[in-house]
Amino acid sequence: MPEPTKKEENEVLAPAPAPPPEEPNKEKEAGTAPVKEPNKEKEAGTAPAKEPNKQKEAGTAPAKEPNKEKEAGTSPGKEWSIGESPVGEEQDKQNANSQLSILFVEKPQGGTVKVGENITFIAKVKAEDLLRKPTVKWFKGKWMDLASKAGKHLQLKETFERHSRVYTFEMQIIKAKENYAGNYRCEVTYKDKFDSCSFDLEVLESTGTTPNIDIRSAFKRSGEGQDDAGELDFSGLLKRREVKPQEEQPEVDVWELLKNAKPSEYEKIAFQYGITDLRGMLRRLKRMRRVEKKSAAFARILDPAYQVDKGGRVRFVVELADPKLEVKWYKNGQEIRPSTKYIFEHKGCERIMFINNCVLTDDSEYYVTAGDEKCSTELFVREPPVMVTKQLEDTKAYCGERVELECEVSEDDANVKWFKNGEEIIPGPKSRYHIRVEGKKHILIIDGATKADSAEYSVMTTGGQSSAKLSVDLKPLKILTPLTDQTVNLGKEICLKCEVSENITGKWTKNGLPVQETDHVKIVHKGRIHKLVIANALVEDEGDYVFTPDDYSVTLPAKVHVVDPPKINLDGLDADNTVTVIAGNKLRLEIPISGEPPPKALWSRADKAIMEGSGRIRSENYPDSTTLVIDIAEKDDSGVYHINLKNEAGEAHASIKIKVVDIPDPPVAPNVTDVGDDWCIMTWDPPLYDGGSPILGYFIERKKKQSSRWMRLNFDLCKETIFEPKKMIEGVAYEVRIFAVNAVGISKPSMPSKPFVPLAVTSPPTLLTVDSVTDTTVTMKWRPPDQIGAAGLDGYVLEYCFEGSTSAKQSDENGEAAYDLPADDWIPANTELIEKTKFTITGLPTDSRIYVRVKAVNAAGASEPKYYSQPILVKEIIEAPKIRIPRHLKQTYIRRVGEAINLVIPFQGKPRPELIWTKDGAPIDKNQINIRNSETDTIVFIRKAERSHSGKYDLQVKVEKFVETASIDIRVIDRPGPPQLVKIEDVWGENVALSWTPPRDDGNTAITGYTIQKADKKSMEWFTVIEHYHRTSATITELVIGNEYYFRVFAENMCGLSEDATMTKESAVIAKDGKIYKNPVYEDFDFTEAPMFTQPLVNTYAVAGYNATLNCSVRGNPKPKITWMKNKVVIKDDPRYRMFSNQGVCTLEIRKPSPYDGGTYCCKAVNDLGTVEIECKLEVKGGLSFCRLLLQGVPPNIIDSYLRDLHSSNPEE
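As the structure is a prediction and not an experimental result, all values here were calculated from the model.

## Some points on the environment of leucine 379
The residue leucine 379 is located in strand β18 (residues 373-382) in this model. Taking the relative accessible area as the measure of exposure, leucine 379 reaches 0% and is therefore buried. On a C-alpha basis, the gap between leucine 379 and phenylalanine 316 in space is 9.8 Å, while along the polypeptide they are 63 residues apart. Beyond its immediate chain neighbours, meaning those up to four positions away, leucine 379 contacts Tyr306, Val308, Val314, Phe316, Ile355, Asp362, Asp363, Ser364 and Tyr366.

Shown next, in the form of structure tokens:
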């Protein structure tokens, strides 16, 4: 059919309105229907199936052209389907009486149908509350989804009625079969809503006459969209062997039916007559129905459509109004030229075109032009059925022969189907069936026919069929060489051979069982010869063998006998044929034997036969094995046992050694040779008897002496006789024991060892230093060990030796010296242990040098010694005095009256220095102030401080000509006295102005504020008005008018309020009548102030390499200028110093100081009213030892003494 132009595409009609946007495929379903009568389809003028694209274009209408639908005359609100009837009043009543449903408006009902008839089930869903189309599924039984089965016998349709807003879902079963009966289910879902309905289908056998069979229906051209498009289903035709002649039915012109039918009946006609291109025919019908305007060129136009059989002749005629007009004929828009196929004739005003020998390609659109006008028509070409001209003939053949079944049809290269017993034969490369076509001749070839090929074969065409029977028989069989009986030795080859007259297959059996081909058994078939070959014959290969040819009742038997001498199989034993058994166990030694016939076995030991019976040692014999049984193995059962085998084929001998083993004896009790803090060393001897098997190792256990629970110490065997238990608790008594292990098992435990207690010596003492040295003595001091342990610490032993007795090695990396001295060279300084960490070695010669070490001693022994780092010179050294003022005493020391004063000031100096205390330059009264002096510090103690104890205390430390001084400021403070005078300066309104003078006695500290109280003259109850007030004048407000008030003032300092207050002499009367307020006259306050340090500098220690800071605070107005000096030299433009000043806080930062940076630092503040200076000392300590000791928390004075001693002992450094 010609491809439509764009204009024609726009005119394509849709027989049903476009569904909602969610259903784009509904239009395609509306234009597709199964084909039942293809011949009628051709008569109606439908397009051939070989142009599916044109069918699709013609059968799909765009949903956006509703006007086109009206022109086509189709109903816009409904699609017709088989089995649907209008819903009338009876249906409404039925739905009203049915069970209420969630989604269904009408549920499908069960029904009954006869075989070969059609039935339709309908379900309806109301769409008023649904935003989109619901989902519907049809099931058979419980799980079979029928959506995948849609096709030739099952169609699913769905429509939507816009006016009633109802979805209609249909399931149509076409040409029902008996197996279609059963239970069906319809499910509808929409979001969270669900509804389902079950119904039954009953299929009854048809009782009428057998309907006529239209063989051409198997070759129909299926429409677009069918699942079974092009399906050839002859199963229904082949069930009946008798083919009744097909009755001639009057041909129906489908084209005329469509022209005269209503638009609502289009789909019914298409479904009934198998029209697949309904939309294309409607498009043509539209053009035919188009009202033709009266033509000026044509007196008679072409008919709307013409119909012709394939190979026939068709005649197109038009009549012109003017015979002078030129006429041109066109096919699909291309001009037709005269030829043998197209013949043109002119008869008066008639113009005729003949088309000879029509073929399917001539099925198209034709039009003729005359001047500017044209008229068109459609030509439909029908294909005639193919007939069988030469029938199949019955054939007989023998197995293995080539069989050919031949027939002839009415046309060349026609489509022919072959069947065997009603099943279609599908040839292929691996099939034994081949089909050869030679023009009209069709031949079915069967290569190597078998009895299974005996059947009824048939051939079918679109116009007829033919069948014939094929019978395949066997040829007579002759035995040319029969099988013979054989006797072979074990391990030799067995070859059974026979020959028959035909080249056929067969089966081998042994003792009635089929023989399978394996690597051991080979089955050979070459032509007429059959062989069974067995390589390396076994005893199991003996038996009766039979060869049976396939499809014949003939058998060829043969017997095979295998002979084998006796053999003993000792592969399961060791290389020396030794069997080991544990004492007390039962030994059952089974030795495989072989031989044909089965040999007789005899066991013996030491020329004594072991008989079969019920003794403790006995033998048991079987056809394939012999067994030696020893019920309870004993040590004496060890020895060599002999086996003798004998049968008709020969003899065999073997010897087996049996060894009875046991667990070893327990070892002797172990010895603990050495003990540590959580470990010990233990040794033991191997057991006397190893049980006949080598000792593999030992297990060790331990327990606390007071416990009964043993704990395994090793899970891997200990191979040696020495072991070191670890992770014991120090100070707890333990015992250990041993288990010996061999291949048999574990021995009993040994006796436990003697109890032992893990103890450890302490770590060496620490910080051994020289405390003092005289001409004959050396005093050493140290610190306790870091780790003492459970054994505790009993005391210390201090030893020394003279330098001349030996030589010392160089110091190690920790600054400690290691000594390699004999024990006899060291002299104990104390005969008994000492508990203190300080001891004086006496009786030393002057100017001698000694080495010193100290040991810590406990129950476990002496610890490693702690050595002094270098030799000590026995000679008293003068050490310059030095006072270590604590940091809190470098500022004014403030205490309240009645509190205790206890000051400890450490100092240094040797020999013991002389101390002198003075107060404000006068000697201290020891009746009021207690002074206690020691070798390293001095203590000032005052039980109850008084204000008279305030003052400057000077300490002088003197060692011969060296003198060191230090000062301490002590201030004892008390509560202040009351203000001197309180006056009422002025009274106005509700306000009173007061002024007062500071108290004479400030309590030896600054006044921090005042507290003001008022009292009504009537009640004289005092109420606080202002607290912590700093000025000496104030204004009291919010007083009650008409009252008379007195006022008093308390002074306040660090100790609190004064005990008494000063009250105004006069009272202040708050008059009811107003007074004229006089503004007080204030004098300008002078804020200028000379510089003053509110926080002094403090003497500081610094560590070399670490930044140090000096801080103080200054006050003054105008803002003073700050200058820093070191040793009276101004610090200026030195990158190693940074100076800061923020809110009166002055800071000097010294970057990574060195000992060179130590000295006296001064901060100087200068403004217009004066100058003030403050000093401090900075001492930089360098070296690794000082830093390390400081980080360990050692006080700086002790570190300094230690380093001074170190320096004095090495003056050269």
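Additional details are given in the paragraphs that follow.
## Some details on the sheet that holds strand β73 (residues 1033-1036)
Whether parallel or antiparallel, the strands of a sheet pair through hydrogen bonds between backbone atoms. Ordered in space as β69-β70-β73, the 3 strands form an open sheet in which the pairing is antiparallel. Of all strands in the sheet, those with a lone pairing partner are β69 (982-988) and β73, marking the two edges. Between one strand axis and the next, the sheet turns through 20 degrees on average, direction left out of account. Sheet topology places strand β70 (residues 991-996) next to β73; 4 bridges connect them, and they run antiparallel. Opposite alanine 993, over in β73, you have threonine 1035 as the bridge partner.

## Looking at the packing of aromatic side chains
Counted according to the given criterion, the structure contains 19 aromatic pairs. With centroids separated by 5.5 Å and ring planes inclined at 70 degrees, the aromatic side chains of tryptophan 782 and tyrosine 796 adopt a geometry described as edge-to-face. One end of the pair, tryptophan 782, is in strand β52 (residues 778-783); the other, tyrosine 796, is in strand β53 (residues 795-802), with 14 residues separating them in the sequence. Across this residue pair, the class does not change: tryptophan 782 and tyrosine 796 are buried. Through successive ring pairs, a cluster of aromatic residues spans Phe121, Trp138, Tyr184 and Phe199. Lying over the aromatic face of phenylalanine 739, arginine 712 brings its terminal NZ or CZ to 6.0 Å of the ring centre. Lying across the ring of tryptophan 710, arginine 737 places its NZ or CZ 4.1 Å from the centre.

## Here we look at the nonpolar core
Counting residues in hydrophobic clusters, the biggest one holds 27 residues, and the most contacted among them are Phe121, Val125, Trp138, Met171, Ile173, Tyr184 and Leu201. Mapped onto this core, the elements with two or more residues apiece are β3 (119-126), β6 (154-161), β7 (166-173), β8 (182-190) and β9 (193-204). With sequence-adjacent residues up to four places away left out, valine 125 is seen in contact with Leu103, Phe104, Val105, Leu130, Pro134, Arg165, Val166, Tyr167, Phe169 and Val188.

## Thoughts on unusual backbone geometry
Residue proline 1118 follows asparagine 1117 across a cis peptide bond; omega there is 5 degrees. Checked against the element boundaries, proline 1118 lands in the loop between β80 (1108-1117) and β81 (1121-1126). You will see that asparagine 421, though not glycine, has its phi angle at about 55 degrees, which is positive. Here lysine 1152, not a glycine, exhibits a phi torsion of approximately 45 degrees, which is positive. For lysine 1152, the location among the structural elements is in the loop between β84 (1145-1150) and β85 (1159-1167).

Reading the values: the criteria
Residues numbered from 1 in each chain as written. Predicted model: local features only at pLDDT ≥ 70, side-chain atom pairs only at ≥ 80, totals over all residues. Heavy atoms only, no water. Helix = DSSP H or I, 4+ residues; strand = E, 2+ residues; numbered from the N terminus. Buried < 20%, exposed > 50% of the residue type's maximum accessible area, 1.4 Å probe, protein only. Contact = heavy atoms within 4.5 Å. Pairing = 2+ DSSP bridges. Axes fitted to C-alpha atoms, helices over the stretch in contact; angles between N-to-C directions. Phe/Tyr/Trp six-rings, centres within 6.5 Å; stacked < 30°, edge-to-face > 60°. Lys NZ or Arg CZ within 6 Å of the ring centre and 35° of its normal. Core = buried A, V, L, I, M, F, W, Y, C linked by side-chain atoms within 4.5 Å.

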